[in-house]
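An overview of the molecular structure
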Amino acid sequence: MESINSKNIILGISGGIAAYKTPELVRRLKDRGANVRVVMTPNANEFVTALSLQAVSGMPVRTEILDTEGESGMDHIDLARWADLILIAPASASIVSRLATGSASDLLCTLCLATEAPVFLAPAMNRVMWGKPATKRNVSQLLDDGFLVLGPGVGHQACGETGSGRMLDPLDMIKLLEEQISKPPAVNKILEVMITAGPTWEALDPVRGITNASSGKMGYEIARAFQQHGCSVTLISGPCNLDTPSGVRRIDVTSAADMFNAVHTNVSKIQIFIGVAAVADYRPVNTESQKMKKNASEMTITLVRNPDILASVASLAEPPFCVGFAAETENLRNYAVSKLNKKKLDLVAANIVGQENLGFNAEDNALLLIGKDTDQQLGPASKATLSRQLCTIVLKKYEEKNST
Ligand SMILES: Cc1cc2nc3c(=O)[nH]c(=O)nc-3n(C[C@H](O)[C@H](O)[C@H](O)COP(=O)(O)O)c2cc1C
């Protein structure tokens, strides 16, 4: 993993309560060998003093775009060129919105426009602000524009509420940052990625069947993220009412057995397999050819086990990099670890289902990512945001595995 040692980092601070943690963040960045220069929004000055940040960074702190003391009068361009990366922490809802529109209304936003270096955002705000459609739209736009997002975390907030929107702790933030600046996958060929999505339908008769509440949204967003990352994506989809993401090859299936066959017909050419579909574990032993009539007062349906698609792919002689989704209603971590080991997967993305506004059928999700050297919480965030974060991590892990 690449380190921030010797990297020139502009730490941008905007006006959020978490700004009080930034002197500590500067110290931790410097401990790792980074050269840090601090730029504050005018509002950030209300939350932490420039004097403290100057003392810990050992460099003058800049706030104003029009600074007559700037060496060349074009100080913002010099500063933008100096940076190897910009980290904005905390990133307020306001700066997220300004950056999403390409605003150059203050020094920090101007630097983000003027730099060719990657810009990382560590959002920090009240959980309701973080969950608002406007904020989600802005974050999604920024991800599309190439910004990288670290967190936010979940927990107790300064406003007294508990939820998603806490700025990550400095050490967690730096760890994620280093993971993300590690060299992007050396893709000398286009990676073939297969994703399963949606529910399956196990027919009882021509009009009835056993299915589940999966909407397919998570799998479709993951397919979109990998396609936008330059991969060739095959999406094997159970019955869903969603549009195919642009550029993705979609194969429609109905039952778990159909999905198994479609996966194994296409698996030989892929490098990465992501099993997101909520595949029925059982199917009726018999499917009636005509609609069943209600004659008896009780009815027993005998079910048989379906093949385990994920395990069957992971146990191939030359398996692709395998990522499994685990939807659980309790004991998330234990089930995730056991699934990882039992099915010999590279990564498990576990999510709690059965909670309001998260998981199945919801717009948002939260993932616990578990692997040999991975233990990471992603979200809660929109499925589009999580998919992009997951895509970056999976490609990195794939590269690490294949370079050893
Ligand atoms: C006490 C206090 C705490 C605040 N905390 C946050 C916060 O954590 N996150 C946020 O997005 N806005 C927060 N705000 C609102 C921002 O300060 C406000 O939107 C401001 O315009 C942000 O400006 P900037 O992004 O230019 O720094 C807070 C405001 C006050 C008065």
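Predicted model, so just to flag it, every value in this text is computed and none were measured.

Take the packing of helix H4 (residues 93-100) against helix H5 (residues 107-114) next. At a minimum axis distance of 10 Å, the contact between H4 and H5 shows a crossing angle of 40°. Accordingly, the angle class assigned to the pair H4 and H5 is oblique. The crossing of H4 and H5 is right-handed. Judged by residue contacts, Ile95, Arg98 and Leu99 of H4 engage Leu108, Cys109 and Cys112 from H5. Residues belonging to the contact of H4 with H5 are distributed by class as follows: five nonpolar, no polar and one charged.

Before going further, it helps to examine the pairing of strand S13 (residues 272-275). The alternating pattern of S13 places Ile272 and Ile274 and Phe273 and Gly275 on opposite faces, both of which are buried. Note: strand S8 (residues 192-197) against S13, four bridges, orientation parallel. What sits directly across from Val193, in S13, is Ile272. Relative to strand S16 (residues 321-328), S13 runs parallel, the two sharing four bridges. Within the sheet, the bridge partner assigned to Ile274 lies in S16 and is Val323.

Right, let's get into the sheet that holds strand S3 (residues 85-91). Taken in spatial order, the five strands of this open sheet run S2-S1-S3-S4-S5, and their pairing is parallel. Taken across any chain shown, the strands that pair with only one partner, and hence form the sheet edges, are strand S2 (35-40) and strand S5 (148-149). The pairing of strand S1 (residues 8-13) with S3 spans four bridges and is classified as parallel. Bridge assignment links Leu11 to a residue of S3, and that residue is Leu87.

It is worth spelling out the site of the ligand at this point. Neighbouring residues of the ligand: 15 residues in total, closest Ser14, Gly15, Gly16, Thr41 and Ser92. The class makeup of the residues in the shell around the ligand is eight nonpolar, seven polar and no charged.

The next point concerns the environment of Cys231. Relative to the elements of secondary structure, Cys231 occurs in the loop between helix H9 (217-228) and strand S11 (232-237). The exposure class of Cys231 is buried, given the 25 C-beta atoms found within 10 Å. Each C-alpha atom of the pair Cys231 and Ala311 lies 23 Å from the other, and the pair is 80 residues apart in sequence. Once residues within four sequence positions are removed from consideration, Cys231 is found in contact with Ile190, Leu191, Val193 and Phe226.

Right, let's get into the sheet that holds strand S19 (residues 374-382). The strands that make up a sheet are held in pairs by hydrogen bonds between backbone atoms, and each pair lies either parallel or antiparallel. In space, the eight strands of this open sheet follow the order S12-S11-S8-S13-S16-S17-S18-S19, with mixed pairing throughout. Taken across any chain shown, the strands that pair with only one partner, and hence form the sheet edges, are strand S12 (249-252) and S19. When the angles between neighbouring strand axes are averaged without regard to direction, this sheet yields 15°.

Of all the positions in H5, only Leu107, Leu108, Cys109, Leu111 and Cys112 are classed as buried. Check the buried side of H5 and you find it contacts S1, S2, helix H3 (75-82), S3, H4 and strand S4 (119-123).

Grouped burial of nonpolar side chains is what soluble globular proteins tend to show. Counting residues in hydrophobic clusters, the biggest one holds 60 residues, and the most contacted among them are Val193, Ile195 and Ile222. Among the elements that take part in this core, helix H13 (residues 383-403) stands out by supplying seven residues, more than any other. Those residues in contact with Ile222 that sit more than four places away from it in its chain are Ile195, Ile274, Val276, Ser387, Leu390 and Cys391. Listed in part, the 57 residues of the second largest apolar core include Ile4, Val61, Val119 and Met167.

Attention shifts here to the domain arrangement of the chain. Annotation of the chain at the domain level lists domain 1 (8-181) and domain 2 (192-403). The gap between the C-alpha centroids of domain 1 and domain 2 is 36 Å. Each partner contributes residues to the interface: domain 1 has nine residues there, and domain 2 has eight residues. Going through the elements one at a time, helix H7 (133-144) and helix H8 (170-181) are the ones with two or more residues in the side of domain 1 that touches domain 2. Counting residues per element, the side of domain 1 that touches domain 2 draws most heavily on H7, which supplies four residues.

Summing up the model confidence of the chain, the mean pLDDT is 89 and the portion of residues at 70 or higher is 93%. Taking the mean pLDDT of every element in the chain, the minimum, 78, falls on strand S6 (residues 153-156) and the maximum, 98, on S13.

The pairing of S6 with strand S7 (residues 162-166) spans four bridges and is classified as antiparallel. For Gly153, the partnering residue across the bridge sits in S7 and is Arg166. The hairpin formed by S6 and S7 contains five residues between the paired strands, and Gly160 there has a positive phi angle of roughly 95°.

This next bit is on unusual backbone geometry. Geometrically, the link from Gly151 to Pro152 is a cis peptide bond, its omega value of 5° lying close to zero. For Pro152, the location among the structural elements is in the loop between S5 and S6. The step from Gly379 to Pro380 runs through a cis peptide bond, and the omega angle for that step is 10°. With respect to the helices and strands, the residue Pro380 is situated in strand S19. We note that Ser6 has phi near 70°; this positive angle belongs to a residue other than glycine. With respect to the helices, strands and loops of the structure, Ser6 is situated in the segment before S1. Owing to 10 C-beta atoms within 10 Å, Ser6 belongs among the exposed residues under this scheme. In this model, Lys344 sits at a positive phi of 55°, which is unusual for a non-glycine residue. Mapped onto the elements, Lys344 comes out in the loop between helix H12 (332-342) and strand S17 (347-352). Classification of Lys344 as exposed rests on a count of 11 C-beta atoms within 10 Å.

Parameters and conventions
Throughout this description, residue numbers start from 1 for each chain and increase along the sequence as written. Note on the predicted model: pLDDT of at least 70 is required for a residue's local features to be given, and 80 or more for side-chain atom pairs to be given and counted; whole-chain, interface and lining totals, by contrast, use all residues. Here, axes are lines fitted to C-alpha atoms. For helices the fit covers the stretch in contact, and angles between N-to-C directions go from 0 to 180 degrees. Here a strand is any run of E in DSSP of at least two residues, a helix any run of H or I of at least four, and the numbering for each starts at the N terminus. Roughly parallel covers angles under 35 degrees, roughly antiparallel covers those over 145, roughly perpendicular covers 65 to 115, and oblique covers all other angles. With the far helix as reference, a near helix turned anticlockwise by less than a right angle produces a left-handed crossing, and one turned clockwise produces a right-handed crossing. The contact criterion used here is simple: two residues whose C-beta atoms, placed from the backbone, lie within 7 Å are in contact. Any residue outside Ala, Val, Leu, Ile, Met, Phe, Trp, Tyr, Cys, Pro, Asp, Glu, Lys and Arg is labelled polar, Gly included; the first ten of those are nonpolar and the last four are charged. Residues with at least 20 neighbouring C-beta atoms inside 10 Å of their own are called buried, those with 12 or fewer are called exposed, and the rest are partly exposed, where every C-beta is derived from the backbone. Note on pairing: two strands pair once DSSP finds at least 2 bridges between them. Placing a C-beta atom from the backbone of each residue, we mark the residue near a molecule or strand if the atom is within 6 Å of it. Under the definition applied here, buried Ala, Val, Leu, Ile, Met, Phe, Trp, Tyr and Cys residues are grouped into a nonpolar core through C-beta atoms within 7 Å. Each domain span listed reflects an automatic or database assignment of domains. Each residue carries a pLDDT value, the predictor's own confidence for that position, ranging from 0 to 100.

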